[in-house]
Every structure is written in C-alpha cells, then in structure tokens.
Amino acid sequence: MGRSRNTRRTQSAEAVVETVEGGLAELIPDRDRARAWTLLIDGAPQSHVDLDDPGYLAFEYQRRLGHIIDLAAAPGRPVHAVHLGGGAFTLARYTAATRPRSTQQIVERDAALVQLVRRALPLDPNARIRVRSMDARAGLAKVPDGWADLVIVDVFSGARTPAHLTSVEFLTDIRRVLKDGGVYAANLADGPPLAHLRGQVSTASVVFPELALVADPVVLRGKRFGNAVLVASAHPLPVAELTRRSASDPHPARVEHGRTLIDFTGGAAAVTDAAAVASPAPPPSVFR
C-alpha cells in the first residue's frame, strides 16, 4: 500500500515536506530518474536514493563510501555493516544491492526522519536491515564485540558532526565492534584551515594503524569547504584500487595515506571526549 502511494507521488513529481527532529525535511523528486529522491534537512542536501536502482550513488561522498563498501570484502560477499547516521538509508540500500544477504544495522537518532523515510522510501522487505532510533554512540555500544566487517559514520546535526562522535574514545568503541580485518569509514566536512580534518586524522591514528583520506584536491589544499572520507583499519587498506576508483569518478578525488597523510595533520592533537567540539558549520554559500 505504501509502495503504490510512493509511486504515484513520484510520477506526479510532488515534493514531500515534513518537520522532523532535526529540522525541516524535504524529499525532492529527481526529474531525471523516475523513482529517485533527494533528502534535504533545513536546505542542506543529505542523501539521494533511487528506489529502482539502489546501486546508483549520486553524491560525491557517497560514491567514495561506495568504493569502500565494494573493497571491504570479496565482490558480492555478504558483510555485517553498521551505519551510524541513517539519512535516507542510501548506503545500506547500496550494500544490500551489491552484497545480497548482508546483515546491517542503521542507527539514526531522528525517529521522525526514520518514520518519514520508511513510509516514503520503503526498504526492500527482503533486505536484512535493522533500524534503531537512538543516538549513534549509544547504538554503537549495543553492537557485540567483533561483529562488524564495516562501520560507516555519516552523522550530521545542523550540518555539523556532533562533538561526541569525534573522539579517541568513540573510535575505540568502533574498533571494538569491528572484526579483525574490519574497516571504519567516516564522512567528514571541513574547510580552511582544515583544523577539524587534521584533528580527525590524528585521532584515528591513535586507534588504527592503517589510514587513508579521500577528498577533492581543492578541499585537501584548504581552498574550499567540502567533504572528505576517512578510512581506517587494523590491516593494510586497498589503497591502490581505492586511488584508481577515486581518480576515475566524475568528480575525481585524491587519496592520501602513509607518511603524506601523517604530514597532512601538521602535528594536530588527537581529540578526546574532554576536549571534543562539533565540526565547523559550512558557509551558507555551500548549499546555494
């Protein structure tokens, strides 16, 4: 019943607008794709979903996270994945489409947003995706030790990553839930002088021995505000293949790792709970 209502709404190209805990949520139909939608919260783009083709990732940062999902295990092999931050469940849908029989947990604090997405953009009932409406860190604490092949963090409140999701203590709990060869990936946003991004790399280096950072070269040079994807693991990362894929994207990205990435931090201190602050707010021009 819900699916047929959604289909008619897409065909008539009507936006869906509702107030959720995080602000004003808008689902805007994609004029070029029959059953695709963009989710905005208070005007800031959050997610893009194509219900007919969940393997399609429209946003740059989601494509980069998609590469990490692709490289987290042998092609098509099911994985255990934790998604902290739900949005429109884009990356969980992608994982289910590209790795059938995967078991996934989404933790999204905004219960009203979860209800909106479930109703307007229903999940495949056969996908093994559980959604918890709770704080990301509280939800992470409920995941068993060594359960996850992949933990993806994409949490924004008012376009900023909350302070308690930026610390050594938080990343230590992520490492606890990861399997020995598991991978952590986070969507980060920053602009000049990149203090937040440098600090997040330093923080991850305290917990994980292997790191990589994927971003537009202009962002890495501190020329504009933008997204960067931080990847970490206890084992060597597929840097060569990640570099190849990122460079061949419609908006090419650079991958930094090893000594170059440590130098990028400029000696920034690791972040602890006691000193953590939220990521910087993007300038208004970012969403124009």
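Please refer to the structure higher up on the page.
None of the values given here were measured: they were computed from a predicted structure.

**Q** Could you give me a rundown of the overall build of the protein, with the residues and numbers involved?
**A** A tally of helices and strands in the protein yields 10 helices and 12 strands. For 288 residues, the compact-globule estimate of 2.2 N^0.38 gives 19 Å, and the protein sits close to it at 18 Å. Each principal axis of the C-alpha atoms in the protein carries an extent, and together these give about 55 × 40 × 40 Å. Counting across all 288 residues of the protein, residues that qualify as buried make up 51%. Restricting the contact set of the protein to residue pairs at least 6 apart, pairs at least 24 apart contribute 69%. About 12,500 Å² of surface is accessible on the protein, with carbon and sulfur atoms providing 52% of the total. The average position of the 34 basic charges and that of the 30 acidic charges among the side chains of the protein differ by 2 Å.

**Q** Give a detailed account of the packing of aromatic side chains, specifying residues and quantitative values.
**A** The geometry of an aromatic ring pair comes down to the distance between the two centres and the angle between the two planes. Across all of its chains, the model carries 2 aromatic pairs by this definition. Between Phe-59 and Tyr-61, the ring centres sit 6.4 Å apart and the planes meet at 50 degrees, which makes this aromatic pair tilted. A residue is classified by how much of its surface remains accessible, and Phe-59, at 17% relative accessible area, is buried. Where Tyr-184 meets Phe-208, the ring centres are 5.8 Å apart and the plane angle is 10 degrees; that geometry is what we call stacked. Pair noted here: Tyr-184 is in strand β9 (residues 178-190) and Phe-208 is in the loop between α7 (195-207) and β10 (210-215), with a separation of 24 residues, a long-range link. As far as the burial class goes, Tyr-184 and Phe-208 line up, both buried.

**Q** Pulling in residues and values, what's your account of helix α4 (residues 111-120)?
**A** For α4, the full list of buried residues reads Leu-113, Val-114, Leu-116, Val-117 and Ala-120. Summarising the axial view, the buried residues of α4 lie within an arc of 165 degrees, below the 170-degree limit, and thus occupy one face. Sitting at the amino-terminal end of α4 is Asp-110, which places a side-chain oxygen 3.3 Å from the backbone nitrogen of Ala-112.

**Q** Account for the sheet that holds strand β2 (residues 23-29), with residues named and values stated.
**A** Here 4 strands make up an open sheet; going across it, the order is β1-β2-β3-β4 and the pairing antiparallel. The open sheet is flanked by β1 (16-20) and β4 (44-50), the only strands paired with a single partner. Looking at each pair of strands side by side, their axes are set apart by 20 degrees on average, direction ignored. Summarising the sheet, strand β3 (residues 36-41) and β4 pair through 6 bridges and their orientation is antiparallel. Bridge pairing in β4 links Trp-37 to Val-49.

**Q** Before we move on, can you summarise the sheet that holds strand β11 (residues 226-233) with the specific residues and values?
**A** Taken in spatial order, the 8 strands line up as β7-β6-β5-β8-β9-β11-β10-β12 in an open sheet, and their pairing is mixed. The open sheet terminates on both sides in strands that have one partner only, identified here as β7 (128-132) and β12 (254-257). Each strand of the sheet is rotated relative to its neighbour by a mean of 15 degrees, with strand direction disregarded. Looking at chain direction, strand β8 (residues 148-153) and β9 are connected through 5 bridges and run parallel. Residue Val-151 lies in a different strand from β9, and its bridge partner there is Tyr-184. Across the face of the sheet, helix α2 (residues 60-71) comes into contact with β8, β9, β10 and β11 while running at roughly 15 degrees to β11.

**Q** Break down the environment of Val-183 for me, citing the residues and quoting the values.
**A** Tracing the backbone through its elements, the reader meets Val-183 in strand β9. Considering only alpha carbons, one finds Val-183 and His-235, 52 residues apart in sequence, at a separation of 8.6 Å. Apart from residues no more than four positions distant in its own chain, Val-183 is found in contact with Ile-68, Asp-149, Leu-150, Val-151, Leu-178, Val-231, Ala-232, Ser-233 and Leu-237.

**Q** Talk me through helix α6 (residues 168-177); I want residue IDs and the actual numbers.
**A** Those residues of α6 that fall on the buried side of the exposure criterion are Val-168, Phe-170, Leu-171, Asp-173, Ile-174 and Val-177. Those residues of α6 hidden inside the fold are in contact with β5 (80-84), α5 (136-141), β8, β9 and α7.

**Q** I'd like a description of the packing of α2 against helix α9 (residues 239-247), backed by residues and values.
**A** Running from amino to carboxyl end, α2 crosses α9 at an angle of 145 degrees, the nearest separation of the two axes being 10 Å. By crossing handedness, the relation of α2 to α9 is classed as right-handed. Judged by residue contacts, His-67, Ile-68, Asp-70 and Leu-71 of α2 engage Glu-241, Leu-242, Arg-245 and Ser-246 from α9. Each residue belonging to the contact of α2 with α9 can be placed in one class, and the counts come to 3 nonpolar, 2 polar and 3 charged.

**Q** With reference to specific residues and values, describe the nonpolar core.
**A** Nonpolar side chains tend toward joint burial in soluble globular proteins. If you look at the biggest cluster of nonpolar residues, it comprises 37 residues, and the most contacted ones within it are Leu-84, Val-151, Val-153, Ile-174, Tyr-184 and Leu-213. Counting residues in each nonpolar core, the second largest holds 24 residues, with Ile-69, Val-183, Val-214 and Val-231 among its members.

The rules we used
Residues numbered from 1 in each chain as written. Predicted model: local features only at pLDDT ≥ 70, side-chain atom pairs only at ≥ 80, totals over all residues. Heavy atoms only, no water. Helix = DSSP H or I, 4+ residues; strand = E, 2+ residues; numbered from the N terminus. Rg over C-alpha atoms; globule rule 2.2 N^0.38 Å. Buried < 20%, exposed > 50% of the residue type's maximum accessible area, 1.4 Å probe, protein only. Contact = heavy atoms within 4.5 Å. Areas by Shrake-Rupley, 256 points an atom, 1.4 Å probe, with all protein chains shown as cover. Lys, Arg positive; Asp, Glu negative; His and termini not counted. Charge placed at Lys NZ, Arg CZ, Asp CG, Glu CD. Phe/Tyr/Trp six-rings, centres within 6.5 Å; stacked < 30°, edge-to-face > 60°. Arc of directions from axis to C-beta. Polar contact = N/O pair within 3.5 Å; in protein donor to acceptor, adjacent residues only side chain to side chain. Pairing = 2+ DSSP bridges. Axes fitted to C-alpha atoms, helices over the stretch in contact; angles between N-to-C directions. Left-handed = near helix turned anticlockwise from the far one by under 90°. Nonpolar A, V, L, I, M, F, W, Y, C, P; charged D, E, K, R; others polar. Core = buried A, V, L, I, M, F, W, Y, C linked by side-chain atoms within 4.5 Å.

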